[in-house]
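Architecture and fold: a report
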There are 2 protein chains.
Amino acid sequence: MHTPATAEHEGISRIERLCIERGLKMTGQRRLIARVLSESADHPDVEELYRRAVARDDRISIATVYRTVRLLEEKGILERRDFGGGRARYDQADRGHHYHLIDVDTGRVIEFADPRLDTLVREIAAGLGFTLEDNRIELFGRRVADTPDPAVPRGKPRDAE
Amino acid sequence: MHTPATAEHEGISRIERLCIERGLKMTGQRRLIARVLSESADHPDVEELYRRAVARDDRISIATVYRTVRLLEEKGILERRDFGGGRARYDQADRGHHYHLIDVDTGRVIEFADPRLDTLVREIAAGLGFTLEDNRIELFGRRVADTPDPAVPRGKPRDAE
DNA sequence: CTACTTGCAAAACTTTTGCGGCAGT
DNA sequence: ACTGCCGCAAAAGTTTTGCAAGTAG
């Protein structure tokens, strides 16, 4: 039922479907960006998206990439992130709420979900008189020396910068 | 024994003391920036710091403000923050680890500390095979309608954008 | 056909930097 | 004195935008 995440070799990409649902004109450029995004498991910045897109079809400009990610963000399809480094990075919005752990030595970004954390931050906000609308949690850590190897820490989506 | 936070009308500001301890040359410009920072309970961006500084003595340029906050960050006296909006904002580094709750309606930033959160994120990082070096946690929320008024939620330092 | 999109290049913004002169220690 | 700092203005880096031409619906 669920597309197995990588089953979009040539059909309509998941992001393209979302664009259509939201009534966006699907131009070649947007379709290309949608595909690149759907196939990206990491958090590329605009420059990187542009590089990946151009590699497939160079009839696209970086201005269009900027315009498109901004549009997709407004439509709730993408989320803008900032892991430091001056450039905005993008993340698909509907993959469920997750957090990020950044390896300070390698820059690798590991996604994780944690219900305890979900609950706690909601409680904290409530205690301050607020209802939580959103949150941004980034942990910066260093690999513990004697840990065998993280690879895929726990079946959670993993990812490299 | 602790300076009552606002007792720096004309003595040496807390930040200036830290600069001297770290062996920085105390020029008029740095002293001015140090004072403005010590008296700021909020998280100003560079433009705002520059405005506040110029108001007292216009023999300072914005380039110096940029250079100084960068220096103070390197010396561990300030911490650079990013609450979105494209500009870096600064926070005194030694006020203890705290987190931020941003009111999405007003932009107001509320600081809070929470030991449960400290512990939980450290545990999560450990579970992923990392030791926590740092973290960035920002909650975005909306005032609960029937709450009387937050003013100062809990004796924690409060602040407005 | 009409309204929205694109590419290009220029502009806008924030932040950094080279350099000659000035100032703290 | 010596070293580092400042102001100015130019540069750098990222993101936005005006405009004329092109295209999806």
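Parameters and conventions
Residues numbered from 1 in each chain as written. Chains lettered and ligands numbered in written order. Predicted model: local features only at pLDDT ≥ 70, side-chain atom pairs only at ≥ 80, totals over all residues. Heavy atoms only, no water. Helix = DSSP H or I, 4+ residues; strand = E, 2+ residues; numbered from the N terminus. Buried < 20%, exposed > 50% of the residue type's maximum accessible area, 1.4 Å probe, protein only. Contact = heavy atoms within 4.5 Å. Pairing = 2+ DSSP bridges. Axes fitted to C-alpha atoms, helices over the stretch in contact; angles between N-to-C directions. Least-squares fit on C-alpha atoms with pLDDT ≥ 70 in both. Near = heavy atom within 4 Å. Polar contact = N/O pair within 3.5 Å; in protein donor to acceptor, adjacent residues only side chain to side chain. Nonpolar A, V, L, I, M, F, W, Y, C, P; charged D, E, K, R; others polar. UniProt positions renumbered as here; feature names shortened; annotations may be inferred. 1 Å grid on protein atoms, 1.4 Å probe; cavity = no way out; pocket = protein on both sides within 12 Å on 5 of 7 lines; lining within 4 Å. Points joined across faces, edges and corners; volume = space filled by probe spheres on them.

Assigned secondary structure in chain A consists of 5 helices and 5 strands. Mapped in sequence order, the helices and strands of chain A form the string α-α-α-α-β-β-β-β-α-β. Each of the 161 residues in chain A was classed as buried or not, and the buried ones make up 42%. Taking all contacts inside chain A whose residues are at least 6 apart in sequence as the whole, residues at least 24 apart take part in 51%.

Glancing now at the sheet that holds strand S3 (residues 99–103) of chain B. The strand order across the open sheet built from 6 strands is S4(A)-S3(A)-S5(A)-S5(B)-S3(B)-S4(B), with neighbouring strands paired in mixed fashion. The sheet is open, and its two borders are formed by strand S4 (109–112) of chain A together with strand S4 (109–112) of chain B, each paired with just one other strand. Sheet twist, expressed as the average angle between the axes of neighbouring strands with direction ignored, equals 20°. Both strand S3 (residues 99–103) of chain A and S4 of chain A contribute to a ladder of 4 bridges, which runs antiparallel. Residue pairing for S4 of chain A: Tyr99 of chain A is matched across the bridge by Phe112 of chain A. Along the sheet, helix H5 (residues 115–127) of chain B contacts S4 and strand S5 (130–143) of chain A together with S3, S4 and strand S5 (130–143) of chain B; its crossing angle with S5 of chain B, the most-contacted strand, is approximately 130°.

As paired elements, S3 of chain A and S5 of chain A share 4 bridges and run parallel to each other. Looking at the pairing, Asp103 of chain A lines up with Gly141 of chain A of S5 of chain A.

Take chain B, turn it by 178°, move it 0.1 Å along the axis, and it overlays chain A with an RMSD of 0.2 Å. What the rotation and shift describe, once combined, is the action of a two-fold rotation axis. By C-alpha distance to the rotation axis, the residue of chain B lying nearest is Ile137 of chain B, at 2.2 Å. A shared binding surface is used by both copies, with 100% of the interface residues of chain B retained as interface residues in chain A.

Time to look at the protein's contact with DNA strand D. With respect to spatial proximity, 19 residues lie near DNA strand D, and among them Tyr66 and Arg87 of chain A together with Arg59, Ile60 and Thr64 of chain B are the closest. If you look at DNA strand D and keep only atoms within 4 Å of the protein, 71% of those are sugar or phosphate atoms. Here a phosphate oxygen of DNA strand D sits 2.6 Å away from a polar atom, N or O, in the side chain of Tyr66 of chain A. Arg67 of chain A is positioned such that a nitrogen or oxygen atom in its side chain is 3.4 Å from a base oxygen of DNA strand D. Elements with a contribution of two residues or more to the surface near DNA strand D: helix H4 (62–74) of chain A together with helix H2 (28–38) and helix H4 (62–74) of chain B. Of all the elements, H4 of chain A adds the most residues to the surface near DNA strand D, at 4 residues. Classifying every residue of the surface near DNA strand D by side-chain character gives 6 nonpolar, 5 polar and 8 charged.

Residue and element names in this part refer to chain A. In the numbering used here, UniProt assigns the "binding site: Fe cation" (unreviewed entry) feature to His97. Following the sequence through the fold, His97 ends up in the loop between strand S2 (89–92) and S3. If sequence neighbours within four positions are ignored, His97 has contacts with Ala113, Asp134 and Asn135.

Around DNA strand C there are 20 residues in total, and Arg59, Ile60 and Thr64 of chain A together with Tyr66 and Arg87 of chain B lie nearest to it. Close to the protein, within 4 Å, the atoms of DNA strand C belong to sugar or phosphate groups at a rate of 68%. Between DNA strand C and Ile60 of chain A there is a distance of 3.3 Å, counted from a phosphate oxygen to a backbone nitrogen or oxygen. Ala88 of chain B is positioned such that a nitrogen or oxygen atom in its backbone is 3.0 Å from a phosphate oxygen of DNA strand C. Put simply, the parts of the chain that give the surface near DNA strand C at least two residues each are helix H2 (28–39) and H4 of chain A together with H4 of chain B. With 4 residues, the single largest contributor to the surface near DNA strand C is H4 of chain B. Here the surface near DNA strand C is built from residues that sort into 6 nonpolar, 6 polar and 8 charged.

The next thing to look at is the layout of surface pockets. For the largest pocket, the calculated volume is near 960 Å³. Around the largest pocket, the lining is made up of 32 residues, and of these Asp82, Gly84 and Arg136 of chain A together with Asp82 and Arg136 of chain B lie nearest the centre. Elements supplying a minimum of two residues to the lining of the largest pocket: strand S1 (78–81) and S5 of chain A together with strand S1 (78–81) and S5 of chain B. Here the lining of the largest pocket is built from residues that sort into 6 nonpolar, 10 polar and 16 charged.

We now examine the environment of Glu123 of chain B. Residue and element names in this part refer to chain B. One can find Glu123 in helix H5. Using a relative accessible area of 43% as the deciding quantity, one classes Glu123 as partly exposed. Taking the C-alpha atoms as reference points, Glu123 and Leu71, 52 residues apart in sequence, are found 33 Å from one another.

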